[in-house]
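Residue strings, one per chain:
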Amino acid sequence: MNLDMSSEPTFPPLMRGEAAPAGADPFDKAVSEAVMGIDPGLVVYQLEPERMRAAIVLTPEAPLSNAMAMVFAASLGFADALGALAPPEVGVHFDWPATLRINGALCGRLRAAASTNDPTLEPDWLVIGLDLPLWAEGDPGHTPERTVLFNEGCADVSPVQLTESWSRHMLVWINRWMDEGMAPLHADWRARAFAMGETTQVMGRAGTFMGLDEAGGLLLRVGEKTDLIPLTEMLED
């Protein structure tokens with residue numbers, strides 16, 4: 001893994017960066033800043049040799065049920081970012097709602113928090129966080145279901161590059177959502193969905209992953225009934 005930490009990431013227009021204090025969780029820091037009324041576009045990051053963490057403050061002008069599309073924008077932004085930096089054989093897929101897979105193995109996740117949990121209300125702020133393991137000691141054969149970026153052919157991808165690329169590609173998807181709605185995000189996320197049509201376990205519920213509703217919620221077949229789990233259920237307190 002290219003662990004050059006000598007430079008700070010730069011961000012596209014409308015975004016700005018701030019390093020989290022040592023030992024602090026950038027997601028928690030971003031939420032604190034959002035609660036204080038910080039302007040949107042702030043990316044708080046913590047780049048370490050073993051782990052990349054970053055979180056962005058957003059203020060999507062839409063009810064929360066629609067604004068949760070930002071989770072898909074962040075997921076697809078990560079897939080595009082890694083696709084631009086990693087060898088072409090590196091594949092990125094998603095477990096609903098926001099777990100990342102690299103070459104089929106679990107590798108990081110996205111997080112979300114908002115000023116409200118009411119899907120009908122427009123949130124004052126929405127924070128989306130990325131947490132990605134980069135490198136770990138030990139034999140990867142002991143945990144084949146989990147991986148780190150270094151073990152998947154990404155030794156030349158630096159955390160700084162990846163943070164920059166993620167922010168740029170995420171912004172592209174946010175702009176597409178603003179211009180075209182959820183449809184393109186929905187289609188591209190489905191194309192990368194892991195285990196669709198198979199038995200899965202989500203948030204303590206087991207069933208068959210049948211697909212997504214128009215807002216990105218999970219359709220879970222349990223016996224003769226199909227349940228809808230909305231994306232808002234991933235929100236952290």
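Rules behind the numbers
- Every chain is numbered on its own, with residues counted from 1 as its sequence reads.
- Whole-chain, interface and lining totals are the exception, using all residues; otherwise, since this is a predicted model, local features are given only for residues with pLDDT of at least 70 and side-chain atom pairs are given and counted only at 80 or more.
- Processing note: side-chain calculations cover all non-hydrogen atoms of the structure and skip hydrogens and water entirely.
- By definition, any uninterrupted DSSP run of H or I lasting at least four residues is a helix, any uninterrupted run of E lasting at least two residues is a strand, and each is numbered from the N terminus.
- Here the globule rule reads 2.2 Å times residues to the power 0.38, and the radius of gyration is calculated from C-alpha atoms.
- Only protein chains enter the area calculation, which uses a 1.4 Å probe; residues under 20% of their type maximum are buried, those over 50% are exposed, and those in between are partly exposed.
- It only takes one pair of heavy atoms within 4.5 Å for two residues to be counted as in contact.
- The Shrake-Rupley method, run with a 1.4 Å probe sphere, supplies the accessible areas, and residue values consider only the shown protein chains as cover.
- Residues counted as positive are Lys and Arg, residues counted as negative are Asp and Glu, and His and the chain ends are not counted.
- One atom stands in for each charge, and that atom is NZ of Lys, CZ of Arg, CG of Asp or CD of Glu.
- In this scheme Phe, Tyr and Trp rings, the latter by its six-membered ring, pair at centre separations within 6.5 Å, and the angle between planes marks the pair as stacked below 30 degrees, edge-to-face above 60, and tilted otherwise.
- By definition here, charges over rings are those cases where NZ of Lys or CZ of Arg is within 6 Å of the ring centre and within 35 degrees of the ring normal.
- In what follows, salt bridge is the name for a side-chain nitrogen of Lys or Arg lying within 4 Å of a carboxyl oxygen of Asp or Glu.
- Only strands joined by at least two bridges in the DSSP assignment are considered to pair.
- Fitted lines through C-alpha atoms give the axes, limited to the stretch in contact for helices. The angle between two N-to-C directions lies from 0 to 180 degrees.
- In these notes, a set of buried Ala, Val, Leu, Ile, Met, Phe, Trp, Tyr and Cys residues joined through side-chain atoms within 4.5 Å is what counts as a nonpolar core.

Participant: Would you take a moment to explain the overall build of the protein for this structure?
Facilitator: Of the regular secondary structure elements, the protein holds 5 helices and 11 strands. The C-alpha atoms of the protein give 17 Å as radius of gyration, which agrees with the globular expectation for 237 residues (18 Å, within 12%). Overall size of the protein, expressed as C-alpha extent along the three principal axes, is 55 × 45 × 30 Å. Residues classed as buried in the protein amount to 49% of the 237 residues present. For the protein, long-range pairs separated by at least 24 residues make up 64% of all intrachain contacts whose partners lie at least 6 apart in sequence. Of the roughly 10900 Å² of accessible surface on the protein, a fraction of 50% belongs to carbon and sulfur atoms. If the 15 positive side-chain charges of the protein are averaged to one point and the 34 negative ones to another, these points end up 4 Å apart.

Participant: Can you walk me through the packing of aromatic side chains in this structure?
Facilitator: To describe a pair of aromatic rings, one takes the distance between the centres and the angle between the planes. Counted according to the given criterion, the structure contains 3 aromatic pairs. Seen from their ring centres, Phe-11 and Tyr-45 are 6.1 Å apart, and the 40° between their planes marks the pair as tilted. With a gap of 34 residues between them, Phe-11 in the segment before β1 (16-19) and Tyr-45 in strand β2 (residues 42-47) connect regions that are remote in the sequence. Ring centres of Phe-72 and Trp-189 lie 4.9 Å apart, and the angle between their planes is 10°; this geometry places the pair in the stacked category. Remark: Trp-189 occurs in helix α5 (residues 183-191) and Phe-72 occurs in helix α3 (residues 69-85); sequence separation between them is 117 residues. For Phe-72, a relative accessible area of 0% translates into the label buried. Look at Trp-189 and you get buried, because its relative accessible area is 0%. Within the aromatic cluster, the residues linked to one another by ring pairs are Phe-72, Phe-94 and Trp-189. The ring of Phe-194 is capped by Arg-101, whose NZ or CZ atom sits 3.9 Å from the centre of that ring.

Participant: How should I be thinking about the pattern of salt bridges in this particular structure?
Facilitator: If charged atoms from side chains of opposite charge come close, those side chains can pair. Evaluation of the coordinates by the stated rule reveals 11 salt bridges. The salt bridge involving Arg-101 is made with Asp-95; its shortest N-O contact spans 2.8 Å. Classification of Arg-101 by relative accessible area gives buried; the value is 13%. A network of salt bridges, in which partner residues are shared, links Asp-25, Arg-109, Arg-111 and Glu-236.

Participant: In this structure, what is going on with the sheet that holds strand β3 (residues 51-58)? I would like to understand it.
Facilitator: Each strand in a sheet pairs with its neighbour through backbone hydrogen bonds, running either in the same direction (parallel) or in the opposite one (antiparallel). With mixed pairing, the 7 strands of this open sheet are ordered in space as β1-β2-β3-β7-β6-β5-β4. Only two strands of the sheet have a single partner each, and these edge strands are β1 and β4 (92-95). Across the sheet, the mean angle separating the axes of adjacent strands is 20° when strand polarity is ignored. Bridging between β4 and strand β5 (residues 99-102) involves 4 bridges; their strand directions are antiparallel. Counterpart to Phe-94 in the pairing with β5 is Leu-100. Packing against the sheet, helix α4 (residues 159-180) makes contact with β2, β3, β6 (105-114) and β7 (126-133), and its axis sits at approximately 30° to β3.

Participant: How should I be thinking about the nonpolar core in this particular structure?
Facilitator: One broad rule of soluble globular proteins: the nonpolar side chains tend to lie buried together. Counting 65 residues, the largest nonpolar core has Phe-78, Leu-82 and Ile-128 as its most contacted members. Counting residues per element, this core draws most heavily on α3, which supplies 11 residues. Residues within four places of Ile-128 in sequence aside, it is in contact with Phe-27, Ala-54, Ala-55, Ile-56, Leu-58, Met-70, Val-71, Ala-74, Leu-110, Arg-111, Ala-112 and Trp-166. Counting 12 residues, the second largest nonpolar core, distinct from the first, contains Ala-30, Val-31, Ala-55 and Trp-125.

Participant: Honestly, the environment of Pro-159 in this entry has me stumped. Any pointers?
Facilitator: Among the structural elements, Pro-159 can be located in helix α4. Pro-159 gets classed as buried once you look at its relative accessible area, which sits at 1%. Distance from Pro-159 to Met-52, taken between C-alpha atoms, is 6.2 Å for residues 107 residues apart in sequence.

Participant: Can you walk me through the sheet that holds strand β9 (residues 205-212) in this structure?
Facilitator: Strands sit in the order β8-β9-β10-β11 across an open sheet of 4 strands; the sheet is antiparallel. Strand pairing shows two members of the sheet lacking a second neighbour, β8 (199-202) and β11 (225-229), which therefore form its edges. Within the sheet, the average angular offset between the axes of one strand and its neighbour, ignoring direction, is 50°. Examined bridge by bridge, strand β10 (residues 218-222) and β11 share 5 bridges and lie antiparallel to one another.

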